[in-house]
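Listed below are the residues making up each chain.
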Amino acid sequence: MKYICELFEIKYPIIQGGMGNISNASLTAAVSNAGGLGTIGCGTMTPEQVEAIILETKDKTNNNFALNIPINVSPHTDELVNLVLKHDIPVVSLSAGNPAPFIPLLQKKNIKVIAIVASVKHAQKAQDAGADVLVAEGFEAAGINSNLEMTTFTLIPQISKHVSLPVLAAGGIGNGQGLAAALMLGASGVQLGTRLIATQEAPFHPSYKQKLIEAMGNDTVILGRSFGQVRRVLKDPYTEKVLDLEKQGLSPVNYREMTSEVHHINGAMNGDVTNGFMNSGQVAGLIDDIPTVKELLDGMMKDAKKHMEVGLSRLSAPFMI
């Protein structure tokens, strides 16, 4: 945990996950200002769009933040890497593809590289390629996940056992209990996604935040399984429509169109659940308020310590017969 904070020059071992085309400077800067590592997710945005967010983020925080590049999703991967170099972004997370070709160039400029993984095999390959940190993401998480469908609770200890790199846990984590559990499983910190949607600084549609507060853990659904993809979203009229069409034999081309970033923006930014979707992890069942990002991160650290102390006291107490 301490190593992660020193490596990224942050106060808390908590980082923000990439949020695709709904990424923004306000939330990224808020996470960094609160002591975590904010992240701009590039999604399928153009380099010009991403650069505008980078510049705005720099205006809003003097602290470190990261850029997430989804290698095989973005049509602009090489240009985005050049933006990292141009703007001296200190941390890059690489997902949805092989990070190996990009790591030497980034590390030559003293840029720390996070690789997103979902299996021991992926983790070992990323370690061999020279990644500095791994994010191991269980399929409880929001948005696009691995079709291996490993759960966070089983994934983290397996990966931690087989690699020497620090591992950050992602998927199903949104409070101090989750942070404490991740540390006990062998992680060095956590990545948050869905929980950060329901914060005051997050500029998403109010109905998105309200739906997260109202949701139970089983109010998410998986799309794309028949195409070898896993995307976890909130249940709503649009996602039910997509799922029904998928069961009826929706073509891969039409599926990709119906789950494009256009429809992601429709749901998340415009609150349009007739023509769009809202990504959500199962952690939605634990969300019941909309704090500031600082209140969330401060509270997570305080609660994690409390729950770890309580857990230790339970182990130390005499067993009841």
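The structure under discussion appears in the preceding block.
Calculation notes
- Residues numbered from 1 in each chain as written.
- Predicted model: local features only at pLDDT ≥ 70, side-chain atom pairs only at ≥ 80, totals over all residues.
- Heavy atoms only, no water.
- Core = buried A, V, L, I, M, F, W, Y, C linked by side-chain atoms within 4.5 Å.
- Buried < 20%, exposed > 50% of the residue type's maximum accessible area, 1.4 Å probe, protein only.
- Helix = DSSP H or I, 4+ residues; strand = E, 2+ residues; numbered from the N terminus.
- Contact = heavy atoms within 4.5 Å.
- Pairing = 2+ DSSP bridges.
- Axes fitted to C-alpha atoms, helices over the stretch in contact; angles between N-to-C directions.
- Salt bridge = Lys/Arg side-chain N within 4 Å of Asp/Glu carboxyl O.
- Polar contact = N/O pair within 3.5 Å; in protein donor to acceptor, adjacent residues only side chain to side chain.

A. The arrangement of the nonpolar core in detail. With 75 residues, the main nonpolar core has L67, I69, L94, L106, L134, I159 and V190 as its most contacted residues. No other element matches helix α14 (residues 293-316), which puts 6 residues into this core. Residue contacts for L94: discarding those within four places in its chain leaves N68, I69, I71, P99, F102, I103, L106, V113, I114, A115 and I116. Ranked by size, the runner-up nonpolar core spans 14 residues in total, among them I4, I114, V133 and L168.

B. Inspection of the sheet that holds strand β10 (residues 220-223) at higher detail. Pairing within the open sheet is antiparallel, and its 3 strands lie in the order β7-β11-β10. Two strands close off the open sheet at either side, each with one partner strand: β7 (143-145) and β10. Sheet twist, expressed as the mean angle between neighbouring strand axes with direction ignored, is 30 degrees. Here helix α11 (residues 237-247) sits on the sheet and contacts β10 and β11 (230-234); the angle it forms with β10, its principal contact strand, is near 40 degrees.

C. A look at the pattern of salt bridges. Taken as a whole, this structure holds 5 salt bridges when the rule is applied. E56 serves as the salt-bridge partner of K60, at 3.9 Å between the closest nitrogen and oxygen. Of this pair, K60 and E56 both sit in helix α3 (residues 47-60), separated by 4 residues, roughly a single helical turn. Residue classification places K60 among the partly exposed residues on the basis of a relative accessible area of 40%. D298 serves as the salt-bridge partner of K294, at 2.6 Å between the closest nitrogen and oxygen. Placement of both K294 and D298 in helix α14 is noted, with a separation of 4 residues, approximately one turn of the helix.

D. Layout of the side chain of T152. As for its placement among the helices and strands, T152 is situated in helix α7 (residues 152-162). On the accessibility criterion, T152 (7% relative accessible area) is buried. Not counting residues up to four positions away in its chain, the partners in contact with T152 are G138, E140, P157, A169, A170, G171 and L185.

E. The side chain of T220, seen in detail. When you line up the elements, T220 lands in strand β10. Separated by 3.0 Å, the side chains of T220 and R232 make a polar contact. T220 has contacts with R232, V233, L234, K235, S280, G281 and Q282, leaving out every residue within four places of it along the chain.

F. Structural detail: helix α8 (residues 176-184). The complete set of buried residues in α8 reads G176, G178, L179, A180, A182 and L183. Buried positions along α8 lie against α7, β8 (167-170), β9 (189-192) and α14. Two or three places before Q177, at the opening of α8, N175 has a side-chain oxygen 3.2 Å from that residue's backbone nitrogen. Directly beyond the C-terminal end of α8, a positive phi value near 115 degrees is found at G186.

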